[in-house]
Amino acid sequence: MARLIDKGTKDYYRALCMMFFGSLAAFGAEYCLQPVIPILAQDFNLSLTKASLAMSFGTIGMAISMILIASVSKYLERKKVMVLALGISALIILLMSVTEEFTLILLLRFAQGILLAGFPSLAVAYINEEFNPNIIGAAIGVYVAATPLGGLIGRIMISTFTDFASWRIGLMIAGILYLICAIMMWFFLPPSLNKKIEHGKVHIAWREFLGLLKNKKIIMIYCIAFCVMGCFVCTYNFISYVLMNEPYNLSQTVIGFIFILYLVGSISSAVMGTLSDHYGHGIIIIISMVIQIAGIIITAFSPLIVKIIGLAVFTYGFFGVHSNACAWAPQSCNNDKAQVSAMYMLFYYIGASVFGTLGGVFLSDYGWMGIVVFESIILFVGLILSVIIYNMDGKNKLEKVQ
């Protein structure tokens, strides 16, 4: 085995910085069109439901790609795949900025989603393989901290340039910056030296993936991810439209700063994750589900400050569920951890794609209250599943004791 990256060395600081900037670029690229969905609807003369497909096609691409990458990860060289994923997806953003056909934008988003999955699916593997085991926790902490920041900075930047110039200029600048991040990673990220890459015929482990679907507990955790992520993306896809119109009339720049609420997610992940060490994932997921439901209901009230508070509560609840569910799934079976996590992300991103688009129908027909009722029903289903899993887990533990 080659030398591991140790704390305090030049490679340590280079690797941490590059993983941070890579994470900023990856998650900024993933959500680059979310804040301008209402503008896309205007420019291309589309309904909000059709305009939201610009987000859904990207998340569908990521969902499909996550499975494929997890299945063939032993054949992939970590650094090269991550750099190519970021670099080509940045070029796709530049292409979207000059594209005149919305259908072509959707195809580009789908391709971008397939590529972008190469970064998060291999970033954690790179850290686990290249860093000294004693500092892996800190390294992953830096990577995770950058994920909400990437989406936040990208949204604010694109929203601001949309106000002062156009969404196309915003995308163009974002694409250039993300391309620079990829180039920096190519030159400064230490190479992948500790993973022996397998060669020969590529085998995709379909049987192992399908076997996961026989585990009731795992399936219910996946369905919870489907529900909460779908509602989360739905909320942030369409809240911009509500705030741009009467009675709020907020500018695109101000709306971009609404996404600062994502930072609440970083707090929630840390707090609810720590609590789960003491009380277990099950009860913390139930509490977080209740918080998320309360948050979306609070947004039904008209005062702007109340709506923002509701979004903050909703966001806190979502990240509490997600951080615990994605940690609980791999612990709930003996299957390959990468496969379990990949299947989790499949349900996670399919939920984002389905509900992130379907919510537009309810907004168009019933206004924001339609979104609130729609999501409350979905989240209540998720809450019921959480209670069932919690009771199931408690019975299993009791049987083991007896």
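Residues numbered from 1 in each chain as written. Predicted model: local features only at pLDDT ≥ 70, side-chain atom pairs only at ≥ 80, totals over all residues. Heavy atoms only, no water.

Domain assignment breaks the protein chain into domain 1 (1–194) and domain 2 (205–401). Computed from C-alpha atoms alone, the centre-to-centre distance between domain 1 and domain 2 is 22 Å. Across the contact, 35 residues belong to domain 1 and 35 residues belong to domain 2. Roughly 2,900 Å² of surface becomes buried between domain 1 and domain 2 when both sides are summed, with 69% attributable to carbon and sulfur atoms. At the junction of domain 1 and domain 2, the tally comes to zero salt bridges. (Domains from an automatic or database assignment. Contact = heavy atoms within 4.5 Å. Buried area = accessible area lost by both parts, 1.4 Å probe. Salt bridge = Lys/Arg side-chain N within 4 Å of Asp/Glu carboxyl O.)

Residue Pro247 is reached from Glu246 by a cis peptide bond, and omega for that bond is 5°. The phi dihedral of Asn45 falls on the positive side, at around 55°, and the residue is not glycine. Turning to its location among the elements, Asn45 is positioned in the loop between α2 (37–43) and α3 (48–51). (Helix = DSSP H or I, 4+ residues; strand = E, 2+ residues; numbered from the N terminus.)

Okay, the state of the cysteines next. Note on terminology: a disulfide is the covalent bond linking the sulfur atoms of two cysteines. If you walk through the whole model with that rule in mind, you get zero disulfides. The thiol sulfur of Cys181 is not disulfide-bonded, and the nearest other cysteine sulfur, from Cys17, lies at 12 Å. Lacking any disulfide linkage, Cys223 is separated from the closest cysteine sulfur, that of Cys227, by 6.8 Å. According to the relative accessible area criterion, Cys223 is partly exposed, its value standing at 26%. (Disulfide = S-S within 2.5 Å. Buried < 20%, exposed > 50% of the residue type's maximum accessible area, 1.4 Å probe, protein only.)

Moving on, we get to the packing of aromatic side chains. Counted by the stated rule, this structure contains 23 aromatic pairs. Aromatic side chains Phe318 and Phe319 sit 5.0 Å apart centroid to centroid with 75° between the ring planes, which places their arrangement in the edge-to-face category. For the pair shown, Phe318 and Phe319 are each scored as buried. Considering the side-chain rings of Phe362 and Phe374, the 4.3 Å spacing of their centres and the 20° angle between planes classify their relative orientation as stacked. Residue Phe362 is located in helix α16 (residues 337–366), and its partner Phe374 is located in helix α17 (residues 368–401); the two are separated by twelve residues in the primary sequence. On the basis of relative accessibility, which here comes to 26%, the residue Phe362 falls in the partly exposed class. Through a chain of ring-to-ring contacts, three or more aromatic side chains come together here, namely Phe232, Tyr236, Phe259, Tyr262, Phe314, Phe318 and Phe319. The lysine or arginine in question, Lys79, covers the ring of Trp186, its NZ or CZ lying 5.9 Å from the ring centre. (Phe/Tyr/Trp six-rings, centres within 6.5 Å; stacked < 30°, edge-to-face > 60°. Lys NZ or Arg CZ within 6 Å of the ring centre and 35° of its normal.)

Two elements in contact, helix α1 (residues 10–30) and helix α6 (residues 102–116), have axes separated by 10 Å at closest approach and are oriented at 150°. By the angle class used here, α1 and α6 are roughly antiparallel. In terms of crossing hand, the pair formed by α1 and α6 is left-handed. Contacts between α1 and α6 involve Ala26, Ala29 and Glu30 from the first element and Arg109, Gln112 and Leu116 from the second. When its residues are assigned to classes, the contact of α1 with α6 shows three nonpolar, one polar and two charged. (Axes fitted to C-alpha atoms, helices over the stretch in contact; angles between N-to-C directions. Parallel < 35°, antiparallel > 145°, perpendicular 65-115°, else oblique. Left-handed = near helix turned anticlockwise from the far one by under 90°. Nonpolar A, V, L, I, M, F, W, Y, C, P; charged D, E, K, R; others polar.)

What follows deals with the environment of Ala41. Inspection of the secondary structure assignment puts Ala41 in helix α2. Sequence separation between Ala41 and Ile291 is 250 residues; the distance between their C-alpha atoms is 32 Å. Apart from residues no more than four positions distant in its own chain, Ala41 is found in contact with Leu46, Ser47, Leu48 and Ala51.

On the surface, Val98, Met172, Ile176, Leu177 and Ile180 cluster together into a nonpolar patch covering about 400 Å² of accessible area. Structurally, the position occupied by Met172 is in helix α9 (residues 167–188). (Patch = residues over 30% accessible without salt bridge, like charges linked within 9 Å, V, L, I, M, F, W, Y side chains within 5 Å. Areas by Shrake-Rupley, 256 points an atom, 1.4 Å probe, with all protein chains shown as cover.)

This paragraph deals with the side chain of Ser97. If you trace the backbone, Ser97 turns up in helix α5 (residues 78–97). Polar contacts involving the side chain of Ser97 include one to the main-chain carbonyl oxygen of Leu94, which spans 2.6 Å. Residue contacts for Ser97: discarding those within four places in its chain leaves Arg168, Leu171 and Met172. (Polar contact = N/O pair within 3.5 Å; in protein donor to acceptor, adjacent residues only side chain to side chain.)

All right, on to the pattern of salt bridges then. Charged atoms that come close allow side chains of opposite charge to pair. In total, this model carries three salt bridges according to the counting rule given. Two residues, Arg14 and Asp11, come together in a salt bridge whose shortest N-O distance is 3.4 Å. Taken together, the residues Arg14 and Asp11, both in helix α1 and three residues apart, mark about one turn of the helix. Given a relative accessible area of 29%, Arg14 falls into the partly exposed group. A salt bridge links Glu100 to Arg168; its shortest N-O distance comes to 3.7 Å.

The next thing to look at is the environment of Leu171. The topology assignment puts Leu171 in helix α9. Given the relative accessible area of 1%, Leu171 is considered buried. Beyond its immediate stretch of four places on either side in the chain, Leu171 contacts Cys32, Leu33, Ile93, Met96, Ser97 and Ile158.

The geometry of a pair of packed helices is captured by two quantities: the angle between their axes and the separation between those axes. One way to put it is that α5 packs onto α9 with a least axis distance of 8 Å and a crossing angle of 160°. The orientation of α5 with respect to α9, classified from their angle, is roughly antiparallel. Helix-helix and strand crossings are classified by hand; for α5 and α9 the assignment is left-handed. Contacts between α5 and α9 pair Lys79, Lys80, Met82, Val83, Leu86, Gly87, Ala90, Leu91, Ile93, Leu94, Met96 and Ser97 from the former with Trp167, Arg168, Leu171, Met172, Gly175, Ile176, Tyr178, Leu179, Ala182, Met185 and Trp186 from the latter. Counted by class, the contact of α5 with α9 contains 17 nonpolar, three polar and three charged residues.

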